[in-house]
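Summary of the model geometry
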Amino acid sequence: MEYNFKQIEQYWQQRWAEAGVYKVSNKSEKKPFYVLDMFPYPSGAGLHVGHPLGYVASDIYSRYKRLCGYNVLHPMGFDAYGLPAEQYAIKTGQHPEKTTNENIARYISQLKKIGFSYDWDREVRTCDPDFYHWTQWAFAQMFNSYYDTVQQKARPISELVARFEQTDPTWATLTEKEQQERLMQYRIAYLSDTKVNWCPKLGTVLANDEVSEGLSVRGGYPVEQRVMRQWSLRVSAYAGRLLEGLDRIDWTDSLKETQRNWIGKSEGAEMNFTIKNPKGKTENEVNIKIFTTRADTIFGVTFMVLAPESEYVSMLVTDEHREEVEAYLDRCKHRTERERIADRHVTGVFTGAYAIHPFTHAEIPVYVSDYVLSGYGTGAIMAVPAHDSRDYAFARHFNLPIIPLIEGADVSEQSFDAKEGRMINSDFLNGLEVKEAIAKMKEYITNTGIGRVKVNYRLRDAIFSRQRYWGEPFPVYYKDNMPYLIPDSCLPLCLPELDKFLPTETGEPPLGHADMWAWNTANNKVVSKQLIDNKTIFPLELCTMPGFAGSSAYYLRYMDNQNKEALVSREANDYWRKVNVYIGGTEHATGHLIYSRFWNKFLFDLGVVCEDEPFQKLINQGMIQGRSNFVYRYIGEGATGNLYISYNLIDNPEYKDKVQPIHVNVNIVHNDILDVDAFRLESPEYKNATFIYADGSTDEDNPYMGQATNKQYICGWAVEKMSKSMYNVVNPDDVIAAYGADTLRMYEMFLGPLEMSKPWDTKGIDGVSRFLKKLWNMYAEPADGEPTREELRSLHKLIKKITWDIENFSFNTSIPAFMIAQTELSTLGCNKRCVLETIAILLAPYAPHIAEAMWQQCGHNTFVVDAQWPTWDEKYLEEDNINYPVQFNGKVRFTLSLPKTMDKTAVEQAVMASDETKRQLAGDTPKRIIVVPGRIVNIVV
RNA sequence: GCCGUGGUGGUGGAAUAGGUAGACACGAAGGACUUAAAAUCCUUUGACCUAAACAGUCGUGCGGGUUCAAGUCCCGCCCACGGUACCA
């Protein structure tokens, strides 16, 4: 009986689809379980073998949970808005919607071939109006909410208005515009002039997580700082809750740590420094507020530094220094982020102003320097050169005094940044440990009113506008230059059809090209731009939302994706509650995984969802890297460019340094052996290729002219990113065509631990394929009858192992367990139906197609995916005799076979009674005997 | 710099409570079948010592420690990968 995977896989995929076995209902007696994959961006290149790694893992887990009797929600969808489709549109004129839909269709067909248990009826696409309706709706709710710092939750903006009306007599005197401007400072989605990351090449602003080292993450173009009027989400209001929530979820430590660093909580103090004789003002009128985590070091302050953007700068610069300071500010403004990072030379300028030290009353000079950031703390610092390396460098450059504050710290060469030691030169703090000094100082400044204890977060608000076309339109129109919401009842506000995707001539975002793009309040309609002469018609927002908008709540939509009335109904949300297991890559740690937690917490405050953390358990699958192969073209004397040297020979003196490695398509290389005929067909350039083979022979040496030979051309290899340009992209379709989806699934798991990055290396895929063939052969003729004790032992060992593995996401070790069981059972000649059908169930999460075929072979006409997960019985795992290794002082001397039933004391006695023990002891008395039950006996002599 | 993760044969990797290190697979070598090849099956495969066997010694990045017993726990380093950074 041959293993015809093609036939088996096609047949069962069709039968699953016809029977609708993966349809999930929100009404079930069963307990719910939600297993989610991070949905993909459908790129033009299609899936490569790296994508399915996480999907296979989540599919195994969901199938297992199903077999255990849960109602499992396991959906798939597409993060369909994004830059690449738009850039492709600009290049080719093809509408992004068209290319996106084509790409999605390709992804779906590829995913279906792998045999995932997705309920495709629940598919979502972020670019679908039915979906982005709820993205726009959530934005509108954020616009209509503010963050109440007392209740620590979002509240309707109307409550704030009511409060202003009651407590602030000036409120009623403000114009509508002034009121709106004031409210804008509280809204969770707000419009403001913000310093943003502007990427000229992409023509859009980017969020902090979309920029790395001054370059855009997508494309790698330079990013500069610019002040623009932009939408932002007040994520920073949730910083405390985002941090605290991490303690309640089951994520890896590394990921939690990454988020903690990104949120960047630091507890410190804000302190006021008075400026001496500010020009034109009486003393004590100007205070500089600074933030520090090292209040204990205040006696070491020898100067102060302001960020170039700080508003303090213009307030206290003296006339004689004005020109110099302005020149410096101008220079800072024109430096890009990248230049600033690359060039760490100390720069700065003196303002001419002096502050008064709050304790010593010494005069301390105030400088401006770009090493102080305007966006963090107060944009001003007290500098303690002895104990901060940046202050130290600055002090050295400007010859400012350095006062050591910690006993024994040598600050002649560098600063002493550690938070430990005993304080000196610090008045009432002298003699205290640093930690005590910090605490005492905080108390002191609170009591004296010099400052206050303050918690600062590094997390910034998320910039939410993008000057591009292919994204969700804002449900916003402008009146008197202030934004207003289009009513919920008019959502979704659909993206207008365009054929131009670049900014307009006047510099507006692409949506400026649209004809139908203005809001009529009289009849609640979006109308033609040309008609804006009637006073009731207002222009719409022309920016669109960023990529993370659509991906922030998609997991909620899967729960209830057909709902026309709400993002998710209360019943559906109460039933599924949250994602139990979420699988995806670490690259989303500071983007999507922060934004969606924020978004979910906001919806939680609104009472829309019942859990405030959306993802209970998070598994990070590692990246699959490419494994590139190389051929070595001879470029030495007399080279024709057609001769290629086998990898094992390239270090020979005749070829050394005379070969050029060339990437070769990995799909024509098998186990590092080149298919030379396929190579000649790869490109015209290689048509006449000749080879020096591994054994040193050439094509001419071939004794079997024109016939297959055992000559082998060995390729070199390297681990690189999987990409087209490295010719190392492996398409899952090709693997499925050659080995079948079940082999692909199992091999992806066999490759190594899920969380680890590893190269895709097809060495070894044959092993998995062979295993499935051998296993299949056992199902030729299942026989009735009682299994033997050995058969049951093998089977129950397997049940226990596979169950443990799946629950612990340790899928890679399951495959060897299957192989061992297969070997054991076939050695025993087992073909008992009851054993085989149990194995089919165990295999079903990993290799569902062949498992169905096996289940059928055992005489069932139901689906194995609906079977019940078996349990194991420890009694079958027990052996009659156990081999106890007997050690003397930890060294194994011999092994003794003893009955399983013996207890510790009996084992001890039996060991002491054995002749071999007596011989080894040679009359000595053992000091101690250690018996590890069922494992080992150690005699200490 | 800081944070995180990891380092085990020729290769990918097992070892789930401190208890027989190297499971399983690949590769390699030898063999069976075959005109030949593919496929399949069998044997060997950490290193050293040995003609071989037995026995022995060494062996989980390096150096120490705890323990009857350490890949596993503790201390100090080194290296690789990932994240992040003038965050006061």
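Preceding block: the structure.
Description of the structure in this document. (Residues numbered from 1 in each chain as written. Chains lettered and ligands numbered in written order. Predicted model: local features only at pLDDT ≥ 70, side-chain atom pairs only at ≥ 80, totals over all residues. Heavy atoms only, no water.)

Considerations on helix α6 (residues 157–167)
In plain terms, the rule: Any residue under 20% of the maximum accessible area for its type is buried, any over 50% is exposed, and the rest in between are partly exposed; the area is computed with a 1.4 Å probe on protein chains only. Comment: elements are numbered from the N terminus, with helices defined as DSSP H or I runs of at least four residues and strands as E runs of at least two. The arc in question is the one traced by the directions running from the helix axis out to the C-beta atoms. Only heavy atoms matter for contacts: two residues are in contact if any of them lie within 4.5 Å across the pair.
Taken together, the buried positions of α6 are Ile157, Leu160, Val161 and Phe164. Viewed end-on, α6 has its buried residues packed into an arc of 100°, placing them on one side of the element. Looking at α6, the residues exposed on the side facing more than 90 degrees away from the buried face are Glu165, Gln166 and Thr167. Elements in contact with the buried residues of α6: β3 (145–148), β4 (153–156) and α7 (176–184).

Overview of the protein's contact with RNA strand B
Note the following rule: Being near a molecule or strand, for a residue, means having at least one of its heavy atoms within 4 Å of it. Whenever two N or O atoms come within 3.5 Å, that pair is a polar contact, provided that in protein one can donate a hydrogen and the other can accept it, and provided that, for residues adjacent in sequence, both atoms are side-chain atoms. Residue polarity is assigned by list, with Asp, Glu, Lys and Arg as charged and Ala, Val, Leu, Ile, Met, Phe, Trp, Tyr, Cys and Pro as nonpolar; anything else, Gly included, falls into the polar class.
Lining the immediate surroundings of RNA strand B are 49 residues, of which Thr293, Arg390, Lys801, Trp804 and Asn938 lie closest. If you look at RNA strand B and keep only atoms within 4 Å of the protein, 54% of those are sugar or phosphate atoms. Here Thr293 contributes a backbone N or O atom positioned 2.4 Å from a sugar or linking oxygen of RNA strand B. Taking Arg928, its side chain carries an N or O atom lying 3.4 Å from a phosphate oxygen of RNA strand B. Put simply, the parts of the chain that give the surface near RNA strand B at least two residues each are α9 (253–263), β11 (287–292), α22 (765–777), α23 (789–807), α24 (814–827), β33 (881–888), β35 (928–932) and β36 (936–940). For the surface near RNA strand B, a count of residues per class yields 19 nonpolar, 15 polar and 15 charged.

Brief notes about the environment of Asp250
Its location among the elements puts Asp250 in the loop between α8 (239–245) and α9. Classification of Asp250 by relative accessible area gives partly exposed; the value is 38%. Each C-alpha atom of the pair Asp250 and Gln616 lies 5.7 Å from the other, and the pair is 366 residues apart in sequence.

Side note on the packing of α9 against helix α18 (residues 592–606)
Keep this limit in mind: Lines fitted to C-alpha atoms define the axes, with helix axes restricted to the stretch in contact, and inter-axis angles between N-to-C directions lie between 0 and 180 degrees. Roughly parallel refers to an angle under 35 degrees, roughly antiparallel to one over 145, roughly perpendicular to one between 65 and 115, and oblique to any angle outside these ranges.
Across the interface, α9 lies against α18 with an axial gap of 11 Å and an inter-helix angle of 75°. Put simply, α9 runs roughly perpendicular to α18. When α9 is examined against α18, the residues Leu255, Gln259, Trp262 and Ile263 are found in contact with a partner set consisting of Leu593, Ile594 and Arg597. Classifying every residue of the contact of α9 with α18 by side-chain character gives five nonpolar, one polar and one charged.

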